[in-house]
Amino acid sequence: MEGTEVRVVEVREVGPDTVAVTLEAPPGFEARPGQFVQLRAMVDDADGEGGGDGEDQVDAGDDDAVTRHYSISSPIVDETFELTIGVDPEGTLSPWLAEVAPGATVEIAGPWGRVYYADEPRVVVLAAGPGIGAAVGVAERAVIDGGSPTVVYRSAVPVHEDRLSALASAGADVRVTADDEAFEAAVAEILETEDAERQTFVYGFAPFVEDAREAILAAGGDPGVAKVENYG
Ligand SMILES: Cc1cc2nc3c(=O)[nH]c(=O)nc-3n(C[C@H](O)[C@H](O)[C@H](O)COP(=O)(O)OP(=O)(O)OC[C@H]3O[C@@H](n4cnc5c(N)ncnc54)[C@H](O)[C@@H]3O)c2cc1C
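Residues numbered from 1 in each chain as written. Predicted model: local features only at pLDDT ≥ 70, side-chain atom pairs only at ≥ 80, totals over all residues. Heavy atoms only, no water.

K.L.:
Quick question: what am I supposed to make of the domain arrangement of the protein here?
P.N.:
Where the parts come together, the accessible area they lose is often given as the size of the interface. The domain boundaries assigned to the protein delineate domain 1 (4-112) and domain 2 (122-230). Inter-centroid distance (C-alpha atoms) of domain 1 to domain 2 is 25 Å. Taken together, the contacts link 20 residues of domain 1 with 16 residues of domain 2. Here domain 1 and domain 2 share an interface that buries about 1,300 Å² over both sides, 59% of which is from carbon and sulfur atoms. The largest share of the area that domain 1 buries against domain 2 comes from P33, P75 and T84, three residues that together contribute 30% of it. Applying the counting rule to domain 1 against domain 2 returns 1 salt bridge. Where domain 1 touches domain 2, the interface holds 5 residue pairs in polar contact (both at pLDDT 80 or more). At the level of secondary structure, the elements contributing two or more residues to the side of domain 1 that touches domain 2 comprise strand 1 (4-15), strand 2 (18-24) and strand 5 (80-86). Of the residues forming the side of domain 1 that touches domain 2, the biggest block, 4 residues, is contributed by strand 5. Taken together, the residues that form the side of domain 1 that touches domain 2 break down as 9 nonpolar, 8 polar and 3 charged. (Domains from an automatic or database assignment. Contact = heavy atoms within 4.5 Å. Buried area = accessible area lost by both parts, 1.4 Å probe. Salt bridge = Lys/Arg side-chain N within 4 Å of Asp/Glu carboxyl O. Polar contact = N/O pair within 3.5 Å; in protein donor to acceptor, adjacent residues only side chain to side chain. Helix = DSSP H or I, 4+ residues; strand = E, 2+ residues; numbered from the N terminus. Nonpolar A, V, L, I, M, F, W, Y, C, P; charged D, E, K, R; others polar.)

Structure below.
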């Protein structure tokens, strides 16, 4: 897959096991929050000792090249853009991204995906895990556009707390809960009123996506019309 080499500008911790990685945007790159890019990096065995803590997943043909997808978590893409990465200590690329030095290069292809903010007047975003990155990006963009988005974040260890607080201060309805039942109740309360202009978004790994679909259904909504990005 064709990609463009870009520099890592910054890596910062945004909560437990989660980093926000700011990258240079490739020339002519235009993207909306919630779209995803393909990121490819050479995850070499830097100490040359063969690791010993598990096997890297490598792409065929190019030793140590690893490719994964990540959603854009900045509200606006200009010369740079941000990805929010949940660091899986047993994983291959995410721990490497957590440690990468500014100035290093990675390859970017995309953006892709249809689960992005498309100027909908009423935005409700359901998120868990690193899906909160796309959620804050979408909600911040909606606020910039004069909207009052809703974010329901299922997490026991919230990340991006500063941005969630800023969203709440800007008039967004931000709800954070670790509890499955409270999550379902929040979704029910939000979706119980009819609103033809409302668009629901879901970002997260498969088990959460399934729970979110069930919560939408239980609330009398149609999960089929939600914009859902399943991280696998
Ligand atoms: C459209 C899309 C958007 C995404 N957006 C984001 C995002 O914004 N932020 C984000 O953090 N993630 C996102 N993801 C997920 C991301 O692409 C990666 O899957 C994630 O970062 C893990 O990659 P890794 O290389 O660190 O881990 P991997 O090397 O892929 O490993 C993941 C886990 O699987 C285990 N594993 C690996 N191989 C095997 C095997 N053969 N048998 C058993 N277990 C195995 C590992 O031990 C580890 O625990 C997205 C995915 C998709 C599809």
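The rest of the description comes next.
K.L.:
What should I look at first to understand the environment of G91 in this one?
P.N.:
Along the chain, the position of G91 falls in the loop between strand 5 and helix 1 (93-99). The exposure class assigned to G91 is partly exposed, which follows from its relative accessible area of 29%. (Buried < 20%, exposed > 50% of the residue type's maximum accessible area, 1.4 Å probe, protein only.)

K.L.:
How do you make sense of the site of the ligand when you look at a structure like this?
P.N.:
In the neighbourhood of the ligand, 21 residues make up the surrounding shell, with R68, H69, T92, L93 and S94 lying closest. A distance of 2.8 Å separates an oxygen atom of the ligand from a polar side-chain atom of R68. Interatomic distance of 2.8 Å between a side-chain N/O atom of Y70 and an oxygen atom of the ligand. Out of a free accessible area of 980 Å², the ligand has 66% covered by protein chains. Put simply, the parts of the chain that give the shell around the ligand at least two residues each are strand 4 (65-71), strand 5, helix 1 and strand 11 (227-230). Counting residues per element, the shell around the ligand draws most heavily on strand 4, at 4 residues. Looking at the shell around the ligand, you find at least three residues from each of domain 1 (4-112) and domain 2 (122-230). (Near = heavy atom within 4 Å. Areas by Shrake-Rupley, 256 points an atom, 1.4 Å probe, with all protein chains shown as cover.)

K.L.:
I'm lost on the confidence of the model for the protein in this one. Help?
P.N.:
Close reading of the predicted structure is inappropriate where its pLDDT is low. Of the residues in the protein, 91% reach a pLDDT of 70 or more, and the chain-wide mean stands at 92. Of the regions scoring below 50 in pLDDT, residues 46-61 engages in 13 contacts with residues more than four places distant in sequence or in other chains. (pLDDT = per-residue confidence, 0-100.)

K.L.:
Explain helix 5 (residues 206-218) to me, please; I cannot follow it from the model alone.
P.N.:
Given 3.6 residues to a turn, an α-helix orients residues that are three or four positions apart in the same direction. Along its 13 residues, helix 5 runs 18 Å from first to last C-alpha, staying within 8% of the 18 Å computed at 1.5 Å per residue. For helix 5, the set of buried residues is F208, V209, A212, A215 and I216. Along the axis of helix 5, the buried positions cluster into a sector of 125 degrees, meaning they face one direction only. For helix 5, exposure combined with an orientation more than 90 degrees from the buried face picks out P207, L217 and A218. Against strand 7 (122-128), strand 8 (150-154), helix 4 (180-191), strand 10 (198-204) and strand 11 lie the buried residues of helix 5. One or two residues past the end of helix 5 sits G220, with phi positive at roughly 85 degrees. (Expected span 1.5 Å × (residues − 1). Arc of directions from axis to C-beta.)

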